[in-house]
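Overview (structure and organization)
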Amino acid sequence: EKEQTIMIDTIQTYAKELKLLISEFSKKSLIQIQELDSSYPNRLRSETNILTEEDYELRYTALKIKQTKLTEFGLYESKREFLTYSKDDAKALSVYLKDFELKLGVFDALLEKLELFTNILNERRFTFKSIKVNRDKGFFFETSKGKELELTQLSSGEQHEVVLLYELIFNVKPNILVLIDEPEISLHITWQKAFLADLLKIIKIQNIQVLIATHSPSIINDRWDLVYNLETLKD
C-alpha cells in the first residue's frame, strides 16, 4: 500500500512536470513566431529561391503530418489553412514554408519523446485504456470508452511502467550510464519480451548507455548478442 502511494504521487508529479515542459515549449514557439513575423517583410524582399511545385508538395505534406501530431497532443491550436501552390507566388511561398517549418520545428524534440512515451504504453502495455497528453494536465489516463481513470485504477505493473518510461524518456540526461536492476519484477511476460526493443528506441533518442541486470530470458528475448553471462567469471 505504501509503495502504491509512492507510485501514484510520483505519477502525479511527472504529469505536472510534463505540463510545465509543454508550457516552456509553447513559450519558445511564441517567441519564434514573433521573431519570424516581425522580420517577414525583409526576408520576403531578399528571398531568391523560387519554389517548385514538387518541392512545395513534399514539404507541405510533411508539415501537415507534423501539425496533426502536435494537435493531437494539444501542442498546436492554430487552424491555419495551408496555401495552395502558385507559380506566381513561388518566392513568397518559399518564405512561408520556411517560417512554418521553423515554427513547428520548435516542438521537434518534445514531439519525438511524447510519441515514444505514449506509443510504448498504448501499443504495448495498456489494455482497454490509454494515456493521453494535453497542455492542461500534462498526461492522464482514460478507458477505451473515453472515461477518465483514477491512478488507483492502474495496476501496480502499469504504474511502474509509467514511472520507468517517463524517467528514462524525459528525465535522464544525455551521455550517462543508466543501471536497471531486474526490470522483470514489475512486468508480466508479454511486457518483458517487448522491454528491450522499447529500451533500444529510448537509448537512440536519449543518447545514453544502459546496463541491465536480469534473470529473465524473456527480457533478453532474441538479443543474446547483447548479453554478458556472469557465470563465466566463476573460473
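Up top you'll find the structure we're talking about.
Read on for a plain summary of the structure. Residue indices follow the written sequence of each chain, beginning from 1 at its first position. In keeping with the model being predicted, local features are shown solely for residues with a pLDDT of at least 70 and side-chain atom pairs are shown and tallied solely at 80 or more, while totals for entire chains, interfaces and linings include all residues. Each side-chain value is derived from all of the structure's non-hydrogen atoms; neither hydrogens nor water enter the calculation.

Quick look at the overall build of the protein now. Runs of E in the DSSP output that reach at least two residues are strands. Runs of H or I that reach at least four are helices, and both are numbered from the N terminus. Assigned secondary structure in the protein consists of seven helices and four strands. Secondary structure of the protein in N-to-C order comes out as α-α-α-α-β-β-α-β-α-β-α. Using C-alpha atoms as the atom set, the radius of gyration is obtained and then compared with a globule rule of 2.2 Å times the number of residues to the power 0.38. Here the C-alpha atoms of the protein give a radius of gyration of 22 Å, more than 25% beyond the 18 Å that 2.2 N^0.38 yields for 235 residues. Viewed in the frame of its principal axes, the protein has a C-alpha envelope of about 75 × 45 × 30 Å. Contacts are assigned to residue pairs that have any heavy atoms within 4.5 Å of one another. Here the contacts in the protein between residues at least 6 apart in sequence split such that 74% fall between residues at least 24 apart. Where accessible areas are quoted, they stem from the Shrake-Rupley method and a 1.4 Å probe; at the residue level, only the protein chains shown are allowed to cover. As displayed, the protein offers around 14,400 Å² of accessible surface, 53% of which is attributable to carbon and sulfur atoms.

Relative to the elements of secondary structure, phenylalanine 100 occurs in helix 3 (residues 90-105). Each residue's exposure class comes from its accessible area (1.4 Å probe, protein chains only) as a fraction of the maximum for that residue type: buried when under 20%, exposed when over 50%, partly exposed otherwise. Of the residues examined, phenylalanine 100 reaches a relative accessible area of 2% and is grouped as buried. The spatial distance from the C-alpha of phenylalanine 100 to the C-alpha of phenylalanine 82 is 9.9 Å, given a sequence separation of 18 residues.

Turning to the environment of glycine 146, a few remarks are in order. Tracing the backbone shows glycine 146 in the loop between strand 2 (138-143) and helix 5 (156-171). The sequence separation of glycine 146 and lysine 129 amounts to 17 residues, and the corresponding C-alpha distance is 8.6 Å.

This brings us to the pairing of strand 3 (residues 177-181). Burial along strand 3 is one-sided: Val178 and Ile180 are buried, and none of Leu177, Leu179 and Asp181, which face the opposite way, are. The pairing of strand 3 with strand 4 (residues 209-213) spans five bridges and is parallel. Pairing of leucine 179 across the sheet is with leucine 211, part of strand 4. Clockwise travel from the first strand over the helix to the second, with the strands pointing away from the viewer, marks a crossover as right-handed. At this point the chain moves from strand 3, through helix 6 (residues 189-206), to the parallel strand 4, and the crossover so formed is right-handed. By the convention used here, strands pair only if DSSP detects at least 2 bridges between them.

Turning our eyes to something else, we now look at the layout of surface pockets. As a volume, the largest pocket reaches approximately 780 Å³. Looking at the largest pocket, it is lined by 24 residues, and the ones nearest its centre are Ile212, Ala213, Thr214, Val227 and Tyr228. The set of elements that each furnish at least two residues to the lining of the largest pocket consists of strand 3, helix 6, strand 4 and helix 7 (217-220). A cavity here means a set of 1 Å grid points, computed over protein atoms only, where a 1.4 Å probe fits but cannot escape. A pocket is an open set with protein on both sides within 12 Å along at least 5 of 7 lines, and lining residues have an atom within 4 Å of a point. Grid points are joined across faces, edges and corners, and a volume is the space filled by probe spheres set on the points.

Quick look at the packing of helix 1 (residues 2-46) against helix 3 now. Where helix 1 contacts helix 3, the two axes come as close as 10 Å, and the packing angle between them is 165°. Considering their axes alone, helix 1 and helix 3 lie roughly antiparallel with respect to each other. Read as a crossing pair, helix 1 and helix 3 show a hand that is right-handed. From helix 1, Ser29, Gln32, Ile33, Leu36, Asp37, Tyr40, Arg43, Leu44 and Arg45 reach across to helix 3, where they touch Lys91, Ala92, Val95, Asp99, Leu102 and Lys103. In this description, a line fitted to the C-alpha atoms serves as the axis of each element, helices being fitted only across the stretch in contact, and the angle between N-to-C directions of two axes falls anywhere from 0 to 180 degrees. Angles are sorted into four bins: roughly parallel if under 35 degrees, roughly antiparallel if over 145, roughly perpendicular if 65 to 115, and oblique for all others. Take the far helix as your reference; a near helix turned counterclockwise from it by less than a right angle gives a left-handed crossing, and one turned clockwise gives a right-handed crossing.

Geometric descriptors of this kind do not, in isolation, establish any biological role.
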